[in-house]
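Summary of structural features
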Amino acid sequence: MDGMDTTLEELYTQYPDTVKKNRKKHIVIKSEADVACPQIEANTRTIPGIISQRGCAYAGCKGVVVAPIKDMITITHGPVGCGYYSWGTRRNKARADSTTPKDKIYSQLCFTTDMQEPDIVFGGDKKLARMIDEIVAAFHPRGINICSTCPIGLIGDDIGAVAKAATERHGIQVLAYACEGYKGVSQSAGHHIANNTIMQNVIGKGNERKPGKHVINVLGEYNIGGDGWEQERILKDCGYTVNCVMTGDASYEDIKNLHLADLNLVQCHRSINYIAEMMETKYGTPWLKVNFVGVEATNESLRQMAKCFSDPELEKQTEEVIARETARIEPALEQFRKICRGKKAFAFVGGSRSHHYQHLLKDLGMEVVVAGYEFAHRDDYEGRQVIPTIKSDADSKNIPELHLKADEKLYREGNEYLNLSKEQFEALKKEVPLNYYEGMYPDMKNGDIMIDDCNHYELEELIKKLRPDLIFTGVRDKYIAEKMGIPAKQMHSYDYAGPYAGYNGAINFANDVAHTLTTPAWKMIVPPWERIEEPDTGKQEG
Ligand code: CFM
């Protein structure tokens, strides 16, 4: 602990006082003596001048939540760059099925109004309306999304009016998302905008419940590298009917029928919790946070789901799947563990995955010494879980209240540090229906670092000081690490690999990590701390 304090103090010395004061609030050292997670500042504006790894509201709305809906066409209303650079990089996979033929899948295409100077001066709404007409004539999609970029908000195009008129003209739903990039402090604002629009306009419009005894949705699973398909395979094996994996490989129709499921699973809590909570209030649909990344985490999630339904047959089938799948992959995992065990890792990704991968890395015997998020909120760091019980309609109506009660208590008392003793906190946990408590902070070890909105400088300094064996990170910071001779895995699109979720995903991941760790190339790079600095003579060459 003291060592880590000194490490951080050294890191802060480069900062001016105001920056130091700010950044200190975003970095926490894990102490096992703490009853609850110390307050970490999160979801606040990045200080100008700091190289952050965050994205924008448009990225969160269009790139993350909306664009993966496979049979809707998503228009980027704005300059071509926003459309082009948000095109195809996330690897949210989609495939044809009995209700969506191949020629109705548009999620891999890029549509943009390509706003030019005259459009900025005179307004772009006519161009947008023309584009919708062209799209309908050429593709006949089932629905259209319009996502605004920064200039649209600045010039005041009324995309809502364009969408409304187009809906009437063409008889298909055209939705407007005012997700200008500057809104909020990160992509997180965009998730919220997308959730609100889909909840208000799409969910609840269908009336076809898929056949099955236990019908579920997987919310916040975007099928990166095929993760959602692996989850569907496992869930079907356990006896569930998967109504919708949202929005990875989801169709417009699936989302209209979202409210007809019995339980919402929330895989990414950050980007879709708003829909889970709104559906709980509006339809009484209970939700459960799950994590299908990691073998133990997958097993635990399946067990918790089965508990929700109070069905012995389901519990039995779940245990059979767990036993069969775990036995199948364990020998291969053990081989990879021989390479991975004891290796130190950093995990710095988005708003959800760093925590999910803590579990999978633990399965491989690796230690996560630094973990952080780009844009998560405090509850993502703190972590908590309520397991609902689905018995009858009347019972499920009470669930929103239970959730609220648990949240309120933990936020206002547990997490605001009203000096709760361990006993008080345990009593609180008994009193509220919180029967499973996990999250980034609870899953860390004494002395580990938890960091919010880690910037370029901090990443470099932490690498120099802690010398991890491997870094799990994003597109921009990956190369910082690699130039320092530390292998990095890009955990947004998995460096073109995957799936990494579920049982098959665990094997893929272990294989990739073991290969990365043993790649001889990393030994050929001399990291900066081992380079002998040439004394600076002050003379200019040439
Ligand atoms: Fe959720 Fe995601 Fe994530 Fe996210 Fe993202 Fe992503 Fe992510 Mo990149 S929805 S918060 S906004 S799990 S695109 S699939 S990998 S930053 S940790």
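Here is a short report on the structure shown in this document. Computed from a prediction, not measured in an experiment: that's the story for all the values here.

Look at helix H21 (residues 502–518): 24 Å from first C-alpha to last across 17 residues, which is about the 24 Å you get at 1.5 Å a residue. Those residues of H21 not exposed but buried are Gly502, Tyr503, Gly505, Ala506, Ile507, Phe509, Ala510, Val513, Ala514, Thr516 and Leu517. On its buried face, H21 sits against helix H10 (227–238), helix H13 (295–309), helix H14 (312–340), helix H15 (353–363), strand E13 (470–473) and strand E14 (488–490).

Residue threonine 247 is bonded to the preceding methionine 246 through a cis peptide linkage, with omega at -5°. Within the secondary structure layout, threonine 247 lies in strand E7 (residues 241–247). In this chain, glycine 498 is followed by proline 499 through a cis amide linkage whose omega measures -5°. Along the polypeptide, proline 499 turns up in the loop between E14 and H21. Despite not being glycine, asparagine 43 has its phi angle at roughly 60°, a positive value. With respect to the helices, strands and loops of the structure, asparagine 43 is situated in the loop between strand E1 (27–29) and helix H3 (57–66).

What follows covers a nonpolar patch on the surface. Among the surface-exposed residues, Val80, Tyr84, Tyr85 and Trp87 lie close enough to one another that they form a single nonpolar patch of about 480 Å² accessible area. In this fold, tryptophan 87 is placed in the loop between helix H4 (80–85) and strand E3 (111–112). Since its relative accessible area comes to 37%, tryptophan 87 is described here as partly exposed.

Sheet architecture is open: four strands sit in the order E3-E2-E4-E5, paired in parallel fashion. Each having just a single partner strand, E3 and strand E5 (173–177) make up the two edges of the open sheet. As defined by bridge partners, strand E4 (residues 143–148) adjoins E5 across five bridges and the pair is classed as parallel. Counterpart to glycine 143 in the pairing with E5 is glutamine 173. Across the sheet, H3 lies against strand E2 (72–77), E4 and E5, angled at about 155° from E4, the strand it touches most. In the packing of helix H6 (residues 125–139) onto the sheet, the strands contacted are E2, E3, E4 and E5, and the crossing angle to E2 comes to about 155°.

One can describe the packing of H14 onto H21 by two numbers: an axis separation of 9 Å at closest approach and a directional angle of 5°. Relative to H21, the element H14 is oriented roughly parallel. In this structure, H14 uses Ile322, Glu325, Thr326, Arg328, Ile329, Ala332, Leu333, Phe336, Ile339 and Cys340 to contact H21, whose residues at the interface are Tyr503, Asn504, Ala506, Ile507, Ala510, Asn511, Val513, Ala514, Leu517 and Thr518. Taken together, the residues that form the contact of H14 with H21 break down as 14 nonpolar, four polar and two charged.

One pass over the structure, following the stated rule, counts zero disulfides. With no disulfide of its own, cysteine 61 lies closest to cysteine 179 among cysteine sulfurs, the gap being 3.8 Å. Unpaired in this structure, cysteine 110 has its nearest cysteine sulfur neighbour in cysteine 82, at a distance of 10 Å. Owing to a relative accessible area of 29%, cysteine 110 belongs among the partly exposed residues under this scheme.

Before going further, it helps to spend a moment on the nonpolar core. With 95 residues, the main nonpolar core has Ile198, Leu235, Leu265, Met305 and Phe509 as its most contacted residues. Ranked by the residues each element gives to this core, the list is headed by H21, at eight residues. When residues no more than four places from it in sequence are discounted, the contact partners of methionine 305 are Ile216, Leu235, Tyr240, Leu265, Leu288, Val290 and Phe292. Core analysis: the next-biggest nonpolar cluster, separate from the first, contains 25 residues, Phe348, Val369, Cys454 and Ala488 among them.

Cut-offs applied
Residues numbered from 1 in each chain as written. Predicted model: local features only at pLDDT ≥ 70, side-chain atom pairs only at ≥ 80, totals over all residues. Heavy atoms only, no water. Helix = DSSP H or I, 4+ residues; strand = E, 2+ residues; numbered from the N terminus. Expected span 1.5 Å × (residues − 1). Buried < 20%, exposed > 50% of the residue type's maximum accessible area, 1.4 Å probe, protein only. Contact = heavy atoms within 4.5 Å. Patch = residues over 30% accessible without salt bridge, like charges linked within 9 Å, V, L, I, M, F, W, Y side chains within 5 Å. Areas by Shrake-Rupley, 256 points an atom, 1.4 Å probe, with all protein chains shown as cover. Salt bridge = Lys/Arg side-chain N within 4 Å of Asp/Glu carboxyl O. Pairing = 2+ DSSP bridges. Axes fitted to C-alpha atoms, helices over the stretch in contact; angles between N-to-C directions. Parallel < 35°, antiparallel > 145°, perpendicular 65-115°, else oblique. Nonpolar A, V, L, I, M, F, W, Y, C, P; charged D, E, K, R; others polar. Disulfide = S-S within 2.5 Å. Core = buried A, V, L, I, M, F, W, Y, C linked by side-chain atoms within 4.5 Å.

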